[in-house]
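# Descriptive structure summary
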Amino acid sequence: MSVFKEYLSIIQIQLEVMAGAGELPPGLDFGRVSVEPPREAAHGDVSTNAAMVLAKPAQTNPRALATALAARLGRAEGVVSAEVAGPGFINLRLAPEVWRAELGRALEARERYGDTDHGTGKAPVNVEYVSANPTGPLHVGHARGAVIGDALAALLEKAGYTVLREYYINDAGAQIDKLAFSTFARYLEALGEALTEESFAARFPGMVWEYRGEYLAPVGAALARSHGAALKNAPPETWLPVVRDFAVAAMMALIKDDLAALGIRHDVFTSERAIVAAGKVDEALTALEGAGHIYTGVLEPPKGMVLDDWEPRPQTLFRATAFGDDVDRPLMKSDGTWTYFAADIAYHWDKARRGYLDQIDVWGADHGGYVKRMKAAVSAVTVGKGALDVKLCQLVNLLERGQPVRMSKRAGNFVTLREVVDEVGKDVVRFMMLTRKNDAPLDFDLAKATEQSLDNPVFYVQYAHARAYSAARHAKEAFPELDLSLAALCAADLSRLDHRGELDLIRSIAGWPRQVEMAADAHEPHRLAFYLFELVAAFHSHWSKGNAEPNLRFVVPGDRALTLARLALARGVATVIASGLKVFGVAAVEELR
RNA sequence: GACCCCGUAGCUCAGCUGGAUAGAGCACCUGCCUUCUAAGCAGGUGGCCGCAGGUUCAAAUCCUGCCGGGGUCGCCA
């Protein structure tokens, strides 16, 4: 339990007492009462809005209620002072022991510090991310969704939720046929029959050679090795299913390798084709039909757009408008096969049926137009019990010293995720992807990402972690026999930490559990990056005070007890950094090179 | 035309489930290395929070309407 939650509960108890004494009407809802650090540190340690949110329902004025409550809180354990301020805030100043005790808890918890039971007992959460089409290697845009999804999953787990990480393989549809044809071209090439764009078009009328990248060459060669020339002169009907499966398997292997290089893992890979083949689309849609959410109708063309080939046509439609969407959405193509949306409904229905009513999808921003209908669908298939949150990831602008790196997927020379990871390392890629909120565009400068300076937040944070351990190494020189085990640090006399900068640092550390909870509630892992940045800045700042005032250094020759206490503080900072970096999947190093 | 995202310091962005005097980095200016890592720190300059209304004790935050940038728009995935 964080310090803030602890005092929230103390405040609630005092409010109950006041209600019992007739000072407040019975049955008030304390749900909006919050306890947080005041914006200005000068105002105190923790602040509550209790009087302001309860004044109206209690039919009193905020300052009067605040005064009465503050009088009681002033007598609570650990409270040094309780003051009414502004329109009715109550600012509490807590005894240093309260904060020092929290530092002790952080040390004992180690990387698990900040873990909460916030999500314990709640519905398990399904986080779906990456879900790139298996038609080629991942590029940097995919990396963003991958990292955000992975970090969000870890964050939710830290907050006590049960989480399943899932990847939806879009292995059905026209794109996959194009992949198969493109692979077949490479197969012919491997057999000595290199195609040109013209000969490809002549041989496969109506099909374009979509995926021209070199990465399919080894797949074509492997196909030639395993099937020889057997497919060479067969008609497409014969080889298509074979090549399709072969190519998809090869692409998924490629993608999983790319993900592994980034340290991303999934618990479950679900195939779109398997969903369709298992009849789940029919099942899901039958359920929707039974509920009256499906009908045959004619859609209006979108206004303000020119669509030459628009023909009004009766279609099978999902009544998405009943669930907040703008128009009803088609489920069946004119050739009688399901639309992508229909399969996706079945997929989300399947997730819900597996027990995941709480679903999160991480998508690229180009899918923004799809959000409402999918939320509508989840709402419909779960009969209102489920909820879908969609995190849209904006573009990543890849830069090299401020200049855009050209990316052209068509020419087949787009910058792959693998290239970027090889150049700057997975930790850097991961952290950088989390330094912006998902719906803001992200500039990713390859040169800055490897710089060791304040420009590079990854370095700045890791540097602080390394510094904390560096202090311990130096302490070993001053006190060769000093026991620096975690147990010894936990047993340190923390009351020696009484400098303002030290107490500020402890308060920052103590804010970590609250940050985790807020970030988890908002489904926004990037918030932790900003918090870590602030914590680390405070640490560097305090550290540097030792330059001018040697008595503030972490290692104080001649005072082993003080040194031990300060090393405990440094370790506390390192603990929170490690705890945060673990959520991000980034290594916390003890030494920089 | 509709829908979604964005608009905060010269630049890149936090803050947005309403709270006190709106923050950080970069850039620019001024300081600090016989030193536990100066790979850093301290200070300064810099704001009609896109515009206009509304709700509220309280609005950068919520609502409405505009303006500007991006994305998407039946049988692509």
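Note that the structure is a prediction, hence the values are computed from the model and not measured.

## Regarding the pattern of salt bridges
Summed over the entire model, instances satisfying the criterion amount to 37 salt bridges. Where Asp115 meets Lys158, a salt bridge forms, and the shortest distance between an N and an O atom there is 2.7 Å. Here Asp115, found in the loop between α4 (96-109) and β5 (125-128), pairs with Lys158, found in helix α5 (residues 140-158); they are 43 residues apart in sequence, far enough to count as distant. For Lys158, a relative accessible area of 7% translates into the label buried. The residue Arg566 makes a salt bridge to Glu502 at a minimum N-O spacing of 2.7 Å. Pair noted here: Arg566 is in helix α22 (residues 560-584) and Glu502 is in helix α19 (residues 500-510), with a separation of 64 residues, a long-range link. For Arg566, a relative accessible area of 6% corresponds to the buried category. Each of Glu166, Lys280, Glu283, Asp350, Arg353 and Arg354 takes part in one network of salt bridges that share partners.

## Remarks on the domain arrangement of chain A
Here chain A is described as being made up of domain 1 (3-94), domain 2 (125-170 + 265-393), domain 3 (174-261) and domain 4 (457-584). Here domain 2 and domain 3 have C-alpha centroids that lie 29 Å from each other. Opposite the 15 residues of domain 2 that make contact, domain 3 presents 15 residues. Across the domain 2/domain 3 interface, buried area totals approximately 1200 Å², and carbon plus sulfur atoms make up 71% of it. Three residues stand out in domain 2 for area buried against domain 3, namely Pro134, Thr135 and Arg273, and they jointly supply 41% of the buried area on that side. Applying the counting rule to domain 2 against domain 3 returns 1 salt bridge. For Arg273, the salt bridge goes to Asp245, with nearest N and O atoms at 2.6 Å. Counting across the interface, domain 2 meets domain 3 through 3 residue pairs in polar contact (both at pLDDT 80 or more). By residue class, the composition of the side of domain 2 that touches domain 3 is 9 nonpolar, 5 polar and 1 charged.

Conventions we followed
Residues numbered from 1 in each chain as written. Chains lettered and ligands numbered in written order. Predicted model: local features only at pLDDT ≥ 70, side-chain atom pairs only at ≥ 80, totals over all residues. Heavy atoms only, no water. Salt bridge = Lys/Arg side-chain N within 4 Å of Asp/Glu carboxyl O. Helix = DSSP H or I, 4+ residues; strand = E, 2+ residues; numbered from the N terminus. Buried < 20%, exposed > 50% of the residue type's maximum accessible area, 1.4 Å probe, protein only. Domains from an automatic or database assignment. Contact = heavy atoms within 4.5 Å. Buried area = accessible area lost by both parts, 1.4 Å probe. Polar contact = N/O pair within 3.5 Å; in protein donor to acceptor, adjacent residues only side chain to side chain. Nonpolar A, V, L, I, M, F, W, Y, C, P; charged D, E, K, R; others polar.

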